[in-house]
Amino acid sequence: MKPAPFEYHDPRSVEDTIGLLAKYGDECKVLAGGQSLVPLMNFRLARPGRLIDINGVESLGRIRVENGRLQLGAMVRHTHVEHSNDIAARWPLLHEAIGWVGHSQIRNRGTVGGSVAHADPAAELPCALAALDARFHVLSKRGPRVLRWDQLFVSEFTTSLAPDELLTAIEVPPQDPSTGVAFVEFARRHGDFALGGAAATVSIGQDGRCAAATVALLSAGPRPVRADEAERRLVGARVDEAMIREAADVAVRGLHPTSDLHGSSEYRVKLLRVMTERAVTRALQRATRKAA
Amino acid sequence: MELHGIGASPLRKEDWPLLRGEGTFIADFKRPGMVHALVVRSPFAHARFTRIDGSAALQAPGVIDLVTAADLPDRGRPIPTRMFKDEAANRFLQKPLADGEVRYSGEPVAVLIAESRYLAEDAAELLNIDYEPLEVVLDPDAGTVAGHLVVERGDVEAAFAQADEVIKEEFFIQRHAATPLETRGLVAEFDASSKSLTVWGAAKIPHVNRRILAQLLGWDESRIRLVELHVGGGFGARGEFYPEDFLIPFAAMRVGRPVAWVEDREESLRAMNHSREQVHRVELALQRDGTFLGLKDTFVNDTGAYVRTHGMTVPGLSISMLPGPYAWPAYRGEYRSILTNKTPCGTYRSPGRFEVNFVRERLIDIAANRLGLDKVEIRRRNLIRDFPHDTGTLFDEHPVVYDSGDYPLLLDKALKTFDYEGLKRWRAKSAHRGLGIALFVEKAGPAEREYARIELASSGHATVFTGTASLGQGVETILAQVCATHLGLPFDRIRVVHGDTAAIPEGMGSFGSRAAMMGGAAVMGAAAKLRRQVLESAAEQLEAAPDDLVLAPDGVSVRGAPSRSVPLPALSVEDRFVCELLGFPYGIHLAAVEVDPATGAVRVHRYAVAYDIGRCINPMIVRGQVAGGFAQGLGGALLEEFAFDANGQPLAASFMDYLLPTSEDVPDLELLITEDAPSPLNPLGVKGAGEGGTAAVGGAIANAVADALGVEVTRLPLSPQRVMELARA
Amino acid sequence: MRKISVEINGRLVKGEVEPRLLLGDFIRDNAGLTGTHFGCEHGVCGACTVQLDGEPVRSCLMFAVQANGRRIATVEGMAPSATELHPLQQAFHEAHALQCGFCTPGILMTMEAFLRAEPDPSPERIRAALAGNLCRCTGYQNIVTAVRLAADRMR
């Protein structure tokens, strides 16, 4: 299990990186944290002719807050998100989701941009970012683009990034501090890719009704799933157990997650329903506690 | 300096280099001029091929040689079975390389030798093999029969005719395997001047494998030396004679340079012995009061594509150990060992017993549920009470006679120690909680002889040479303890040498919980003999009775008169321990679980093992063995499964999908070790402790999950999906 | 080929390597430090864990060229001398936290960094931190005990 040979570039700037991408396009692959790409290379399931290692591009490794919006450089490591007090306080969903990613050794090396660009539908970050309506900053020699999650994630392991484009940053809008959030998942072992999971945010208005809600699912389809219909039913409702059950029921309607060794599609749908129920319940409890 | 004899828990002799990163595992071992072999494996589960075109591969950078079946003597001689031989199965032995037909995904078809593993993998991509896929057989009920056996004793028909109740069930145990964390590896070097071979990386049974290698090469054994280095776990699978054990030495002779081969995980999961896959159709006849009358079992054992070195060991042990700790007036067992297009099988810790303990203990719970009987009482009522107890079955060619035991006593102790009544109260407090109990008999000490030599130096140091092997279990430590006790020198003065056929003339190795029992008894014999010789000769010189002498590192002296002393002599003594019968330790597993029916998760609240091992040489090591064995059993009960797709492609082809338990999956184990029934078969009284931690985990966990859900569990593993399905049934 | 120089256990190791050479191979073959083991080469088992600038990483998931100019710590650098063990190693010895010892170096590398970050961890925290390292022999119980024992002694 040794990788096939490749040409190696280690640019120091974003400009150099997009220059290389423009020059080599299709034949190259960007190496971020490498925690998904390198295993594939060791199995020789991935064999890029060129690797563009962006670990030396320091400007991509910063966490900033601008106008209340979180700006995560693509090379921000999971561990930095995990240990950022600012993120824990202001974007708790992100904080909670990161805790489910792999193990400490993986989080020390893995990056938010790598996780997003890899677009594994079972990965936590894409799902959490979909729930948070994050925007993705993309750059190429042709100019910048800003994509919504549903514009970026196309399918399993596929994004809309062109071969010459680099994901440079992830921008997360400010969260209403009264919002309750929860990220839950279920895997055969902790640290494994989830058989199913859900992210939820719930805000309770002055009238005691749900003012805003988001529900996003992971391992539910070829890309993160936002349960729009469930969200619509929650908003404006008095959220009780029955309402949550109803939301969970509609959240999984029409889903066809892929079957594998660890769980059939039918099993996963049932699990996703339970995960949704648990995520919304927990988010509601937290929102209620904040309101009190 | 403390003696640290039998019963003490000195810190292990093995630890120091391993903790410092100074161990020498096979991948750490280098020889000058060494090159690297890559075993090219079949991507198909069943296919024909006529031609291996290596022309491009041989042109690739760094490539030295390519070996195919055509290059082997007789195009490759079959690897013989070493135990549980079955004449009929000899048609199905594996040859080192496939010759025109591959029968499982992962079967070796060629060996590439190159300057590095990287270059060998590059070259392998250039090999051209004209595979033509053939139909695959994956269902054990549909495969060719490689071995068949019926065991019958008592009047089975009459037993079933007079039964108040007959419980009939089908049970399935999934394919899983030992999966030690260090993959296999070998380094072989041929010395042209002496026409001799040295092979490093041997494990488990170096002397046995030397014999097999000599046989396959048509050589005299004396020209071959096998050497064991540090070994990263065995658990039954490592150390057997595999195709590579022929191919790597053969390659070394061909290229005239030392050849190294280190299996990677991707190959290991397909190449190393799998185990455990069985389907049992079993019937239990009993009276209304719970008295067992008879047991009938017909099972298929999926042995994969070939019969490997273990022959019929796994089905053979299954059929002989199914009766367990209970008295059966009548028993009939029948197995068919079946060929399928999957990785060939061998043993995995507690082979045959993990499987049948699940079958029998689950069946008894089903009977108890059906008859409304208490699950402990139905077991207690049927326990064997008189020893020795002849089960009427065989282990290989030896009768299975339980040597000693007090089963009801251990049951009572276990229930009390682990507060079974308290567990029952815990269970009653909430829904979806369950308790599972499973009783078992283990076996220890196969391969009827073992060798030991002790060399005493006048400096007061002793070196023990043993025919057993180290797989990480602590054999150096416990054999030094036995030597300390019976020679009388402190533990720190004793060194243990194992696993080098040049230093040790014979040995049967380490497997089946035999090292402590057989190896220990041999060391005890040699140590006692040595002590006697030393004392007798000192007695003559000092003109004192041997009983009045004190043996110490600085010499032998007269008790009470330390100035009357002589130095220790340099002396070497050897001994062989022979015992045709096996020892039978026994025990009880108790599981308390909580099931989440919404996800199918099984959380183990408490897990306890009571185990009578006759006599305990080192409590710390025994606890470690049982705890580690339990973790493996738990993997088999909940997580691990080698599944295949319809084309015979393995679905668990990496550690992403073959799920070994992690620190968050394995709870602390509660353990009661007893020494109430020493084995009368060896002077130490030990029975071996390596496998009891694994033996009944499937049974106990399945019983607990069934109890939690109020349904009957008949299949392993208890994956979340299966548990959810059971919960919704 | 690229020229690199990596500080491993305080010693500068130079080499000219192919970009595809895994960091673990560089440590084992170029630096001759074979205490770091490969157990799976796909980032699951944790046997190859080393510390990169003090943080545990999988050395099978990094290329040696990526460690150029960086600081690596391996198990060989733990013990203060040839006759002493690091308190964590000593605790593993005393608590029988290893059997075959193959996974041990990776576990020591993970746990050493963990105890620096959390000097007084609960058994649950230890289990969570240990979950990225597979051990097939011990059942983990004694490893948890050993880490706790070391924590008590190191505080």
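What you see is a predicted model; the values in this text were computed from it and never measured.

Engineer: For this particular structure, what's the right way to read the overall build of chain A?
Structural biologist: Helix and strand content of chain A: 12 helices and 14 strands. Radius of gyration (C-alpha) of chain A: 19 Å, near the 19 Å computed for a compact globule of 292 residues. Taken along its principal axes, the extent of the C-alpha atoms in chain A is 60 × 45 × 35 Å. Sequence-distant contacts, at least 24 apart, represent 66% of the contacts inside chain A between residues at least 6 apart.

Engineer: I'm lost on the overall build of chain B in this one. Help?
Structural biologist: Helices and strands together make up the secondary structure of chain B, namely 18 helices and 30 strands. Since a compact globule built from 729 residues should have a radius of gyration of about 27 Å, the 27 Å found for chain B is in line with a globular shape. A total of 729 residues make up chain B; the buried ones form 62% of that total.

Engineer: Mind showing me how you'd approach the interface of chain B and chain C here?
Structural biologist: Many descriptions give the size of an interface as the accessible area lost when the pieces come together. Tallying the contact residues gives 42 residues for chain B and 44 residues for chain C. For the side of chain B that touches chain C, the leading source of residues is helix H15 (residues 619–639) of chain B, giving 6 residues. When grouped by side-chain class, the residues that make up the side of chain B that touches chain C number 18 nonpolar, 14 polar and 10 charged.

Engineer: When you look at the sheet that holds strand E2 (residues 47–48) of chain B in this model, what are you seeing that I'm missing?
Structural biologist: What holds strands together in a sheet is hydrogen bonding between their backbones, with the strands either parallel or antiparallel. Residue and element names in this part refer to chain B. Pairing in this open sheet of 3 strands is antiparallel, and the strands run E5-E2-E8 from one edge to the other. Of all the strands in the sheet, just strand E5 (101–102) and strand E8 (132–133) have a single pairing partner and so form its edges. Bridging between E2 and E8 involves 2 bridges; their strand directions are antiparallel. Bridging from a neighbouring strand, Ala47 pairs with Pro133 of E8.

Engineer: I'm lost on the environment of Gly474 of chain B in this one. Help?
Structural biologist: Looking at the secondary structure, you find Gly474 of chain B in the loop between strand E22 (462–466) and helix H13 (475–487). For Gly474 of chain B, a count of 26 C-beta atoms within 10 Å corresponds to the buried category. Sequence spacing of Gly474 of chain B and Val666 of chain B is 192 residues, and the spatial spacing of their C-alpha atoms is 22 Å. Non-local contacts of Gly474 of chain B, meaning those with residues more than four positions away in its chain, are made with Arg12, Glu14, Asn618 and Ile621 of chain B together with Gln99 of chain C.

Engineer: Teacher, can you tell me more about the pairing of strand E13 (residues 224–227) of chain B here?
Structural biologist: Where a strand is regular, its side chains alternate between the two sheet faces. All names here are of chain B. Direction of pairing for strand E12 (residues 196–200) relative to E13: parallel, over a ladder of 4 bridges. Paired with Thr198 across the bridge in E13 is Arg225. Read as a crossover between parallel neighbours, the route from E12 over helix H5 (residues 206–217) to E13 is right-handed.

Engineer: Looking at this model, I keep getting lost on helix H10 (residues 375–382) of chain B. Mind explaining?
Structural biologist: Helical geometry: 3.6 residues make up each α-helical turn, so side chains three or four residues apart lie on a common side. Residue and element names in this part refer to chain B. Three or more residues of H10 are buried, namely Ile378, Arg379 and Asn382. Along the axis of H10, the buried positions cluster into a sector of 95°, meaning they face one direction only. Where H10 is buried, its residues meet strand E16 (292–304), helix H9 (353–371) and strand E20 (433–441).

Engineer: I would appreciate a short explanation of the sheet that holds strand E12 (residues 196–204) of chain A in the present structure.
Structural biologist: Residues and elements named next belong to chain A. Spatial ordering of the open sheet is given by E11-E12-E13-E14, a layout of 4 strands whose pairing is antiparallel. Strand pairing shows two members of the sheet lacking a second neighbour, strand E11 (180–186) and strand E14 (225–226), which therefore form its edges. Summarising the sheet, E11 and E12 pair through 7 bridges and their orientation is antiparallel. Counterpart to Val184 in the pairing with E12 is Ala198. Against the sheet, helix H12 (residues 265–291) contacts E11, E12 and strand E13 (210–218), and its axis sits at roughly 30° relative to E12.

Engineer: It is not clear to me how the packing of helix H11 (residues 241–251) of chain A against H12 of chain A should be interpreted in this structure. Could you clarify?
Structural biologist: Helix-helix packing is characterised by the crossing angle of the two axes and by the distance between the axes. Residues and elements named next belong to chain A. At a minimum axis separation of 8 Å, H11 and H12 run at an interaxial angle of 140°. Judged on the interaxial angle alone, H12 and H11 are oblique. The handedness of the crossing between H11 and H12 comes out as right-handed. Of H12, the residues touching H11 (which contributes Ile244, Arg245, Ala247, Ala248, Asp249 and Ala251) are Arg273, Thr276, Glu277, Val280 and Thr281. Tallied by class, residues from the contact of H11 with H12 come to 5 nonpolar, 2 polar and 4 charged.

Engineer: Any chance you could explain the interface of chain A and chain B here in plain terms?
Structural biologist: Each partner contributes to the interface: chain A provides 16 residues, whereas chain B provides 22 residues. In terms of residue count, H12 of chain A provides more of the side of chain A that touches chain B than any other element does, 4 residues in total. Considered class by class, the residues forming the side of chain A that touches chain B number 9 nonpolar, 3 polar and 4 charged.

Engineer: What is the right way to read H11 of chain A from this model?
Structural biologist: Residues and elements named next belong to chain A. Among the residues making up H11, those that are buried are Ile244, Ala247, Ala248, Val250 and Ala251. Here the buried residues of H11 occupy an arc of 170° about the axis, which is enough to place them on one side. Opposite the packed face of H11, turned more than 90 degrees from it, sit the exposed residues Glu241 and Ala242. Buried residues belonging to H11 abut E13, helix H10 (228–234) and H12.

Engineer: What is the right way to read the nonpolar core from this model?
Structural biologist: Most often, soluble globular proteins keep nonpolar side chains buried together rather than apart. Judged by nonpolar contacts, the single largest core of 400 residues is most densely connected at Leu112, Cys483 and Val705 of chain B. Looking at this core, the element that brings in the most residues is helix H14 (residues 515–542) of chain B, giving 14 residues.

Engineer: It is not clear to me how the environment of Val215 of chain A should be interpreted in this structure. Could you clarify?
Structural biologist: Residue and element names in this part refer to chain A. Assignment of secondary structure puts Val215 in strand E13. In this structure, the C-alpha to C-alpha distance between Val215 and Ala227, residues 12 residues apart in sequence, is 5.4 Å. If sequence neighbours within four positions are ignored, Val215 has contacts with Ala198, Ala200, Ala227, Ala230, Glu231, Ala247, Ala251, Thr276 and Val280.

Engineer: Could you clarify how one ought to interpret the pairing of strand E29 (residues 601–612) of chain B in this entry?
Structural biologist: Residue and element names in this part refer to chain B. Here 11 bridges tie strand E28 (residues 586–596) to E29, and the two strands are oriented antiparallel to one another. Across the sheet, Tyr586 pairs through a bridge with Asp612, a residue of E29. Hairpin geometry of E28 and E29 is characterised by an intervening segment of 4 residues between the two adjacent antiparallel strands and by a positive phi of about 90° at Gly600. Here 6 bridges tie E29 to strand E30 (residues 669–674), and the two strands are oriented parallel to one another. Pairing of Tyr607 across the sheet is with Leu669, part of E30.

Engineer: Teacher, can you tell me more about the environment of Gly263 of chain A here?
Structural biologist: For Gly263 of chain A, the location among the structural elements is in the loop between H11 and H12. In this structure, the C-alpha to C-alpha distance between Gly263 of chain A and Gly196 of chain A, residues 67 residues apart in sequence, is 9.7 Å. Those residues in contact with Gly263 of chain A, other than ones at most four positions away along the chain, are Leu195 and Arg268 of chain A together with Pro720 and Gln721 of chain B.

Engineer: How should unusual backbone geometry be read in this particular structure?
Structural biologist: Of all residues except glycine, most have a negative phi; of all peptide bonds, most are trans. Geometrically, the link from Phe387 of chain B to Pro388 of chain B is a cis peptide bond, its omega value of -5° lying close to zero. Structurally, Pro388 of chain B is set in the loop between H10 and strand E18 (389–395). Positive phi values are uncommon outside glycine, yet Asn67 of chain A reaches one of about 50°. Relative to the helices and strands, Asn67 of chain A is located in the loop between strand E4 (63–66) and strand E5 (69–73). One non-glycine residue, His4 of chain B, lies in the positive phi region at around 55°.

Engineer: How should I be thinking about the packing of helix H3 (residues 104–117) of chain C against helix H5 (residues 141–154) of chain C in this particular structure?
Structural biologist: Residues and elements named next belong to chain C. The interhelical angle for the contact between H3 and H5, taken along N-to-C directions, is 40°, at an axis separation of 11 Å. The angle between the axes of H3 and H5 places the two elements in the oblique class. Note that H3 runs across H5; the crossing there is right-handed. Residues Ile107, Met111 and Leu115 of H3 pack against Ile143, Val147, Ala150, Ala151 and Met154 of H5. A class-by-class count of the residues in the contact of H3 with H5 yields 8 nonpolar, no polar and no charged.

Cut-offs applied
Residues numbered from 1 in each chain as written. Chains lettered and ligands numbered in written order. Predicted model: local features only at pLDDT ≥ 70, side-chain atom pairs only at ≥ 80, totals over all residues. Helix = DSSP H or I, 4+ residues; strand = E, 2+ residues; numbered from the N terminus. Rg over C-alpha atoms; globule rule 2.2 N^0.38 Å. Contact = placed C-beta atoms within 7 Å. Buried ≥ 20, exposed ≤ 12 C-beta atoms within 10 Å, placed from the backbone. Nonpolar A, V, L, I, M, F, W, Y, C, P; charged D, E, K, R; others polar. Pairing = 2+ DSSP bridges. Right-handed = clockwise from strand over helix to strand, strands pointing away. Arc of directions from axis to C-beta. Axes fitted to C-alpha atoms, helices over the stretch in contact; angles between N-to-C directions. Parallel < 35°, antiparallel > 145°, perpendicular 65-115°, else oblique. Left-handed = near helix turned anticlockwise from the far one by under 90°. Core = buried A, V, L, I, M, F, W, Y, C linked by C-beta atoms within 7 Å.

Nothing here speaks to function; it is geometry throughout.
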